[in-house]
Amino acid sequence: MENTYAVQMKGITKRFGKVVANSNVDLDLRKGEILSLLGENGSGKTTLMNMLAGIYYPDEGEIFVNGEEVVIRSPKDAFDNHIGMVHQHFKLVDVFSAADNIILGEKEEKLSLKEEKQKVIEDSISNNAECDEYEKEEHPGVLSYLTAPKRITDKELKKRISLLPWTRFARTAKFNWLKKNRANDLQGIADKYGFDIDLKKKIYDMSVSEKQTVEIIKVLYRKADILILDEPTAVLTPQEITKLFSVMRKMKEDGKSIIIITHKLNEVMEISDRVAVLRKGEHIATVETKETSEKQLTEMMVGKKVDLNIERATPHDVEDRLVVEHLCALNHEGVKVLDDVSFTARSGEILGIAGIAGSGQKELLEAIAGLQKLNTGEITYYDPAKNNEKVDLRSKTPVQIRELGVRLSFVPEDRLGMGLVGNMDITDNMMLRSYRKGIPFFLDRKNPKKLAEKIVDELQVATPSTQTPVRRLSGGNVQKILVGREIAAAPTVFMAAYPVRGLDINSSYTIYHLLNEQKEKGVAVIFVGEDLDVLIDLCDRIMVICGGKITGVIDGRRAIKEQIGSLMLGRESAAENTDKEAAQDETK
């Protein structure tokens, strides 16, 4: 009986000291299927896949590939078993081209001189046979003469054979030889699966989607039949996600088996055949996608019922709180990162900001917080404590801006890179915002400790105590502390950049509800997000930024994903369908 499983993982256990990341996990992947792997933060998804990809080695358990038990101790072992993993953070050399990155590390198949002579003769016979076939057909015109295959004469064949020793030496000394002779193979893979990629393009000139394409072609070129994709849609536009899913379906039709790790349940329902759910390092269930629902999957992940509705109340008592006009800024390399940016943030509203990663979102929020140097432009804050008196934020220091109630909660890739100190405990990190309020020479630790305990309790931060150093917490718990601390300061303008990045679905909805609570209190909320579905459900207005420019402002209640995606790619024509009144209001 033919084996129907590409991969079977049986009784897999992995420990890191006293922490059990995976406990007796059973997982199977069928041939020619797409399997989604779901789980909360810290459920062991990536650890499990890293063992299949050869990055970790299991402490217990067995791995079978195509029915045969295998030992995978390194990525090379994984490739030898035709397993390839595309990581969320790409492993590419920026100054190399796509083709260079794909073949990097490959060793050319070594043939003896005798075998190589035989190969040259066989290639010559094949070429001349092609010439014979071509000559039997009629090909009139000069162009046909120029494009006709060239016959290899006996004299030319002898010359090629005599030069073989020198050719072999040059081949080992020159990397470009390998690239030139693999160009057709690489282009063939791209054409076969429908990848739109220029293989000569440098990585530093590529979009996130193009870099991901290079990573996928890289594992396919190494003859991977089993692909693991870690959060592949995290920073893609809807159009790019559609293209990726089309490629995945073609790979599936070609017999490839694919595991996709994702937090987006709507994508799970769209692309996968089956769904495997992990919770706290254990395998809960594997179900057929067509026989389940987003609600059921969420309950399996969390272990209890979760309300997945985002309530969006109609704004009331709306006032202009922050007016940004004609902002321009350059980065340290002299490249324009903000280009004539103008918009208004209003109290009692959530203004969403959508855009491909690196489009200027970070620089925009840092400019408002006083952390980004500006070349031109104005930032006006209307202070509710002084009867909406105008305040020029460009003339204020970051500390003065914060004291006015303009708060920034930014979650970068390095979660401890902004706002929190890893070696400090939770209480001390609360004090970073309040130590100036103590009397001279004495610090008030009482109130920060109460605040830390409140955040741990209300946001369900998983920590042994408030004395635990922040660096020992998971990324999701670090985010809860950061967002909770900024909200506790009772801001009038609250800027949240990627507050749910990497969070599981239960924690994400806790943050969404907190943002809605701030809106109800009359706070002007600016929310930078990656999930367009959430932006549409949560925000009253959605501003789209591309290459540092505002390409449109859309009413959240009338927005559609495709429209936002077009604006994210800088297609100005898409702005014709945006909320014109909102767009005009932003430019006043």
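The model shown is predicted, which means the values in this text are computed figures rather than measured ones.

Novice: Hey, could you run me through the side chain of lysine 45 in this one?
Specialist: Following the sequence through the fold, lysine 45 ends up in helix H1 (residues 45–52). Nearest to the buried, unbridged lysine 45 among oppositely charged side chains is glutamate 231, at 5.9 Å. Residues in contact with lysine 45, not counting those within four places in the same chain, are Leu37, Leu38, Gly39, Glu40, Ile261, His263 and Leu278.

Novice: Sorry if this is basic, but what is going on with the sheet that holds strand E12 (residues 336–346) here?
Specialist: Strands pair in a sheet through their backbones, by hydrogen bonds, and they do so in one of two ways: parallel or antiparallel. Strand order in the open sheet formed by four strands is E12-E11-E14-E15, with antiparallel pairing between adjacent strands. Two strands lie at the open edges of the sheet, namely E12 and strand E15 (389–392), each paired on one side alone. Taking each pair of neighbouring strands and ignoring which way they run, the sheet shows an average axis angle of 20°. Looking at chain direction, strand E11 (residues 320–330) and E12 are connected through eight bridges and run antiparallel. Bridge pairing in E12 places leucine 322 opposite alanine 345. Strands E11, E12 and strand E14 (376–383) of the sheet are contacted by helix H13 (residues 361–368), whose axis makes an angle of about 60° with E12.

Novice: Whenever I open this one, the packing of aromatic side chains confuses me. Can you help?
Specialist: Two measures describe an aromatic ring pair: the distance that separates the ring centres and the angle between the ring planes. This model, assessed by the stated rule, comprises three aromatic pairs. On the basis of an interplanar angle of 70° and a centroid distance of 5.2 Å, the ring pair of phenylalanine 16 and tyrosine 56 is categorised as edge-to-face. In this pair, phenylalanine 16 is assigned in strand E1 (residues 5–16) and tyrosine 56 in the loop between H1 and strand E4 (60–65), connecting sequence segments 40 residues apart. Taking the relative accessible area as the measure of exposure, phenylalanine 16 reaches 38% and is therefore partly exposed. Tyrosine 56 sits in the partly exposed class, given a relative accessible area of 31%.

Novice: In this structure, what is going on with the nonpolar core? I would like to understand it.
Specialist: In terms of nonpolar packing, the biggest core is built from 55 residues, with Leu515, Phe527, Leu538, Ile542 and Ile564 touching the most fellow members. Residue contributions to this core peak at six residues, all from helix H18 (residues 505–520). Those residues in contact with isoleucine 542 that lie beyond four places of it in its chain are Gly352, Ala354, Leu535, Ile536, Gly552, Val553, Ile554, Gly556, Ala559 and Ile564. Met206, Ile217, Leu236 and Ile241 belong to the second largest nonpolar core, which has 35 residues in total.

Novice: When you look at the pattern of salt bridges in this model, what are you seeing that I'm missing?
Specialist: Counting across every chain of the model gives 27 salt bridges. For the salt bridge of lysine 256 with aspartate 225, the shortest nitrogen-to-oxygen distance reads 3.0 Å. In this pair, lysine 256 sits in the loop between helix H10 (238–253) and strand E8 (257–261) while aspartate 225 sits in the loop between helix H9 (208–221) and strand E7 (226–230), placing the two residues 31 residues apart along the sequence. Close ionic contact of arginine 346 with glutamate 349 constitutes a salt bridge, the shortest N to O distance being 3.9 Å. The burial state of arginine 346 is the same as that of glutamate 349; both residues are buried.

Novice: Any chance you could explain the sheet that holds strand E3 (residues 34–39) here in plain terms?
Specialist: Reading across from one edge, E6-E7-E8-E3-E9-E10 is the order of the six strands in this open sheet, with mixed pairing throughout. Every other strand in the sheet has two partners, leaving strand E6 (83–86) and strand E10 (282–288) as the edge strands with one partner each. Neighbour-to-neighbour, the strand axes of this sheet turn through a mean angle of 20°, independent of strand direction. Pairing of strand E9 (residues 274–279) with E10, which is carried by six bridges, proceeds in the antiparallel orientation. Each bridged residue has a counterpart across the sheet, and for valine 277 the counterpart in E10 is alanine 285.

Calculation notes
Residues numbered from 1 in each chain as written. Predicted model: local features only at pLDDT ≥ 70, side-chain atom pairs only at ≥ 80, totals over all residues. Heavy atoms only, no water. Helix = DSSP H or I, 4+ residues; strand = E, 2+ residues; numbered from the N terminus. Buried < 20%, exposed > 50% of the residue type's maximum accessible area, 1.4 Å probe, protein only. Lys, Arg positive; Asp, Glu negative; His and termini not counted. Salt bridge = Lys/Arg side-chain N within 4 Å of Asp/Glu carboxyl O. Contact = heavy atoms within 4.5 Å. Pairing = 2+ DSSP bridges. Axes fitted to C-alpha atoms, helices over the stretch in contact; angles between N-to-C directions. Phe/Tyr/Trp six-rings, centres within 6.5 Å; stacked < 30°, edge-to-face > 60°. Core = buried A, V, L, I, M, F, W, Y, C linked by side-chain atoms within 4.5 Å.

Purely spatial values, then, with no claim about function.
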